[in-house]
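Chain residues, written in single-letter form:
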Amino acid sequence: GGEYGAARTGPSPALPSLPQADGMSEVGKGTLTTHVLNTATGLPAAGLGIRLAQLQEPGLQWMELAHRHTDADGRCQPFLAQGQAKAGTYKLHFETAEYWQGLGHTSFYPFVEVVFIITDPAQKLHVPLLISPYSYTTYRGS
Amino acid sequence: PAPESGPRGTLTTHVLNTATGLPAAGLGIRLAQLQEPGLQWMELAHRYEDGRCQPFLAQGQAKAGTYKLHFETAEYWQGLGHTSFYPFVEVVFIITDPAQKLHVPLLISPYSYTTYRGS
């Protein structure tokens, strides 16, 4: 897979880890995006690690598809390129404890996982997360 | 809301349907504890939301460690004739002080949820 270990400060011109490169020159074009906001500060959560996994059948095993870190705007490169998403069950794993620890906070949650269903692979899907050390909220956006 | 009369426990939960403003009656909830060695989840209890704050762990029963509440939200929404974005909701959390009263509510709608640590 690609190396997305470092947080970025702005949109990158290319998506080197994805097989289809044409037409994918902007951050935000893709079928699955997220955005993490720190509701304690009212600022984006930068440098937070996120893993996407897909539930594979048979066997019902989680297969990791991507590992990213949020940039200064709390966003990262789209997780699934257009045409890459398939209907099924997915999981976003947010490495929230490490994020809070880096800010000198303890947190109630060792991590946050959001399990969701993609029914229409053509639909743009936005799965944001709002976090504070003792609360979180997620919703389906577009 | 404060728990009503009944056993005082160290872990309670409550599920609110934010689309109606009412408790999510009949929603199934499982509590599991992360066991070491082996890092396996062991189920401790399976309850159904009935509008009250039911204790999942009695006083003295909680130990410091990692726990998970698994909320059977898809079945709940399906029973009301809705589809939902999430097949279930799981909240994984840490008990550091077993003597503390802990309240882990969940607010749900078909396309959103919120949880927080209360008391």
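Cut-offs used in this document
Residues numbered from 1 in each chain as written. Chains lettered and ligands numbered in written order. Predicted model: local features only at pLDDT ≥ 70, side-chain atom pairs only at ≥ 80, totals over all residues. Heavy atoms only, no water. UniProt positions renumbered as here; feature names shortened; annotations may be inferred. Core = buried A, V, L, I, M, F, W, Y, C linked by side-chain atoms within 4.5 Å. Buried < 20%, exposed > 50% of the residue type's maximum accessible area, 1.4 Å probe, protein only. Contact = heavy atoms within 4.5 Å. Buried area = accessible area lost by both parts, 1.4 Å probe. Salt bridge = Lys/Arg side-chain N within 4 Å of Asp/Glu carboxyl O. Polar contact = N/O pair within 3.5 Å; in protein donor to acceptor, adjacent residues only side chain to side chain. Helix = DSSP H or I, 4+ residues; strand = E, 2+ residues; numbered from the N terminus. Nonpolar A, V, L, I, M, F, W, Y, C, P; charged D, E, K, R; others polar. Pairing = 2+ DSSP bridges. Axes fitted to C-alpha atoms, helices over the stretch in contact; angles between N-to-C directions.

As annotated in an unreviewed UniProt entry, chain B carries the name 5-hydroxyisourate hydrolase and comes from Junco hyemalis. Under the UniProt heading Sequence similarities (unreviewed entry), the note attached to chain B is "Belongs to the transthyretin family. 5-hydroxyisourate hydrolase subfamily."

Within an unreviewed UniProt entry, the label attached to chain A reads 5-hydroxyisourate hydrolase, and the organism entered is Junco hyemalis. The Function (unreviewed entry) comment attached to chain A in UniProt states, word for word, "Catalyzes the hydrolysis of 5-hydroxyisourate (HIU) to 2-oxo-4-hydroxy-4-carboxy-5-ureidoimidazoline (OHCU)."

Draft legend 1. Fine view of the nonpolar core. Of all hydrophobic cores here, the largest spans 53 residues; its most connected members are Phe94(A), Phe116(A), Ile131(A), Phe71(B), Phe93(B) and Ile108(B). The contacts of Ile131(A), once residues within four sequence positions are left out, are Val36(A), Leu37(A), Asn38(A), Thr39(A), Ala40(A), Ala45(A), Leu48(A), Thr96(A), Tyr99(A), Trp100(A) and Tyr136(A).

Draft legend 2. Inspection of the interface of chain B and chain A at higher detail. Taken residue by residue, the interface counts 19 residues in chain B and 19 residues in chain A. Buried surface at the junction of chain B and chain A, summed over both partners, amounts to about 1800 Å²; 64% is from carbon and sulfur atoms. Applying the counting criterion to the chain B and chain A interface returns zero salt bridges. At the surface where chain B touches chain A, the tally comes to nine residue pairs in polar contact (both at pLDDT 80 or more). Mapped onto the side of chain B that touches chain A, the elements with two or more residues apiece are strand E8 (89-95) and strand E11 (112-116) of chain B. Here the residues of the side of chain B that touches chain A are counted per class, giving 13 nonpolar, four polar and two charged.

Draft legend 3. Inspection of the sheet that holds strand E6 (residues 88-94) of chain A at higher detail. All names here are of chain A. Read from one edge to the other, the open sheet built from four strands follows the order E5-E4-E6-E7, with strand pairing classed as antiparallel. Strand pairing shows two members of the sheet lacking a second neighbour, strand E5 (61-69) and strand E7 (112-118), which therefore form its edges. Each neighbouring strand pair of the sheet contributes to a mean axis angle of 20°, computed without reference to strand direction. Pairing between E6 and E7: seven bridges, direction antiparallel. Residue pairing in the sheet places Lys 91 in a bridge with Val 115 of E7.

Draft legend 4. Summary view of the sheet that holds strand E4 (residues 28-35) of chain B. Residue and element names in this part refer to chain B. If you trace the four strands from one edge of the open sheet to the other, you get E5-E4-E7-E8, paired in antiparallel fashion. Because the sheet does not close on itself, it has two edges, and the strands there are strand E5 (40-48) and E8. Here the strands of the sheet are splayed against their neighbours by 20° on average, with no regard to which way each runs. As paired strands, strand E7 (residues 65-71) and E8 are joined by seven bridges and run antiparallel to one another. Pairing of Leu 69 across the sheet is with Val 91, part of E8.

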